[in-house]
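Coordinate analysis (summary)
Each chain, letter by letter, is given below.
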Amino acid sequence: MTGHDADNFVRVQIINDAAAIEQAVSGVVAALERHHYPKASLFAVKLCLHEALSNAFRHGHRGLPPSTPVALAYLASPDHVEIFIEDRGPGFDPASVPDPTLDENLERGSGRGLLLINAYMAVAEYSPAGNALHMVYRRPDLTTNT
Amino acid sequence: MPGQESRLKVRKVDGIVQVEFVDRNILDEGNIQSIGDEIASLIEAEPTPRIILSFTNVEHLSSAALGTLITINNKVRAKAGQLRLSNIDPQIYEVFAITKLNKLFQIVPTVPDAVRSLA
């Protein structure tokens, strides 16, 4: 989030409440709809937002009051959407999450949120502290003529 | 669960429990917990459960819901029962494929397909 684009980001503080989360996610989805993103893109971005916010509240904010907000910032353009999600927890090391697709981990209860985010997003990178996620979703139905 | 609206439509035909989700979005952890509890009760009520979960109304489903489905599958297997998933939207099927849970669950196109496979 650098340069002049930083001013255009929509910024939202979200508490751990189903309605608040849904309202924030709906805001991002509405921004994509204004750019006429296809249904598959809306599905992917909505899913990744829920997964990222769920991880932030369930793991990042474990032990913190439910009123502790997670910060969401996003900017939708015709060909991509950039999303930042930052929690106030101590952070984690994404490399420490076991691969849930391995046969021995297939029945594990967790780890799939991160997998889905990595599958759908063109960019999914955590800050060095591990409490902030930067995601970029690229619209798949637009091709560049070079 | 008295006082709580069911999140499932349930009917039993020829000993097979057919479950349809009411919600279009299975994303909220509170709802997922309720759904898991309701289906666990259905499993407990059957000596050898044969259960079909139809996703015909479902448009979105999170990894937390997948975790609950794994728990349900384990409960059914613990009673030597059988579980089928049906009517899964292609976008949701992709979530099963990405997570490789399409290898763990028996997924069939429709409820009649599921019934035939349990007969």
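As a reminder, the structure under discussion sits directly above these lines.
Note that the structure is predicted; figures quoted are calculated from it, not measured.

Thoughts on helix α4 (residues 111-118) of chain B
All names here are of chain B. Every buried residue of α4 is accounted for by Val 111, Ala 114 and Leu 118. Buried residues in α4, looked at end-on, bunch into an arc of 60°, giving them a common side. Buried-residue contacts for α4 involve β2 (16-21), β4 (50-54), β6 (82-86) and β7 (107-108).

What about the interface of chain A and chain B?
It is common to report an interface's size as the accessible area lost on association of the parts. Each partner contributes residues to the interface: chain A has 23 residues there, and chain B has 24 residues. Of the roughly 2000 Å² buried between chain A and chain B on both sides combined, carbon and sulfur atoms contribute 60%. By the criterion of area lost to chain B, the three top residues of chain A are A:Phe43, A:Leu106 and A:Glu107, representing 31% of everything that side buries. At the boundary of chain A with chain B, the tally comes to three salt bridges.

Things to note about the sheet that holds strand β5 (residues 132-138) of chain A
Residue and element names in this part refer to chain A. A sheet is described by the order of its strands in space; here five strands give the open sequence β1-β2-β3-β5-β4, paired in antiparallel fashion. Of all strands in the sheet, those bounded by a partner on one side alone are β1 (10-14) and β4 (123-126). The mean inter-strand angle of the sheet, taken between neighbouring strand axes irrespective of direction, is 15°. The sheet contact formed by β4 and β5 spans four bridges and is antiparallel. Counterpart to Ala 124 in the pairing with β5 is Met 135. Taken strand by strand, helix α2 (residues 39-60) contacts β1, β2 (70-76), β3 (80-86) and β5, and its axis lies near 175° from that of β5.

Re the pattern of salt bridges
If the charged atoms of two oppositely charged side chains come close together, the side chains can form a pair. The final tally for this structure, using the stated rule, is nine salt bridges over all chains. A:Arg58 is the partner of B:Glu29 in a salt bridge, and the nearest nitrogen-oxygen pair spans 3.2 Å. With B:Glu29 in helix α1 (residues 29-44) and A:Arg58 in helix α2, the pair connects residues from two separate chains. With its nearest N and O atoms 2.9 Å apart, the salt bridge here joins A:Glu107 to B:Arg77. With A:Glu107 in the loop between β3 and α3 (112-120) and B:Arg77 in helix α2 (residues 63-78), the pair connects residues from two separate chains.

Rules of the game
Residues numbered from 1 in each chain as written. Chains lettered and ligands numbered in written order. Predicted model: local features only at pLDDT ≥ 70, side-chain atom pairs only at ≥ 80, totals over all residues. Heavy atoms only, no water. Buried < 20%, exposed > 50% of the residue type's maximum accessible area, 1.4 Å probe, protein only. Helix = DSSP H or I, 4+ residues; strand = E, 2+ residues; numbered from the N terminus. Arc of directions from axis to C-beta. Contact = heavy atoms within 4.5 Å. Buried area = accessible area lost by both parts, 1.4 Å probe. Salt bridge = Lys/Arg side-chain N within 4 Å of Asp/Glu carboxyl O. Pairing = 2+ DSSP bridges. Axes fitted to C-alpha atoms, helices over the stretch in contact; angles between N-to-C directions.

Functional significance is not addressed by these values, which are geometric in nature.
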